[in-house]
Amino acid sequence: MAYVISEDCIACGTCIGECPVEAISEGDIYKIDPDLCTECGSCAAVCPNEAISLP
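Report follows, based on the coordinates.

Definitions and limits used
- Residues numbered from 1 in each chain as written.
- Predicted model: local features only at pLDDT ≥ 70, side-chain atom pairs only at ≥ 80, totals over all residues.
- Heavy atoms only, no water.
- Helix = DSSP H or I, 4+ residues; strand = E, 2+ residues; numbered from the N terminus.
- Rg over C-alpha atoms; globule rule 2.2 N^0.38 Å.
- Contact = heavy atoms within 4.5 Å.
- Areas by Shrake-Rupley, 256 points an atom, 1.4 Å probe, with all protein chains shown as cover.
- Buried < 20%, exposed > 50% of the residue type's maximum accessible area, 1.4 Å probe, protein only.
- Polar contact = N/O pair within 3.5 Å; in protein donor to acceptor, adjacent residues only side chain to side chain.

### Side note on the overall build of the protein
Here is step 1 of the chain: Along the backbone of the protein there are one helix and four strands.
Here is step 2 of the chain: Counting from the amino terminus, helix and strand elements in the protein follow one another as β-β-β-α-β.
Here is step 3 of the chain: Relative to the compact-globule value of 10 Å for 55 residues, the protein shows a C-alpha radius of gyration of 9 Å, a close match.
Here is step 4 of the chain: Seen along its three principal axes, the alpha-carbon backbone of the protein occupies a region of about 25 × 20 × 15 Å.
Here is step 5 of the chain: Expressed as a percentage of contacts within the protein between residues at least 6 apart in sequence, the contacts between residues at least 24 apart total 55%.
Here is step 6 of the chain: Surface summary for the protein: the accessible area is close to 3,600 Å², and the carbon and sulfur share equals 47%.

### Observations concerning the environment of Cys-47
Here is step 1 of the chain: Tracing the sequence through the fold places Cys-47 in the loop between α1 (42–46) and β4 (52–53).
Here is step 2 of the chain: Along the backbone, Cys-47 and Cys-9 are 38 residues apart, and their C-alpha atoms lie at a distance of 8.6 Å.

### Things to note about the environment of Asn-49
Here is step 1 of the chain: Structurally, the position occupied by Asn-49 is in the loop between α1 and β4.
Here is step 2 of the chain: Judged by relative accessible area, which is 34%, Asn-49 ranks as partly exposed.
Here is step 3 of the chain: Along the chain, Asn-49 and Cys-15 lie 34 residues apart, while their C-alpha atoms are 11 Å from each other.
Here is step 4 of the chain: Setting aside chain neighbours within four positions, we find Asn-49 in contact with Asp-8 and Ile-10.
Here is step 5 of the chain: A distance of 2.7 Å separates a polar atom in the side chain of Asn-49 from the backbone oxygen of Asp-8.

Now the structure itself:
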């Protein structure tokens, strides 16, 4: 089950550089491609808004 980004996302960009498989795409609220996500948790660990979690 891939990580998801909630509406608490402020599009700060912190998570993008942390993803080893480039599964995160930019937008008003960033999105994680569930087909690419390896569930490593790197993005969730650095999110300042705690907007990234497992569903």
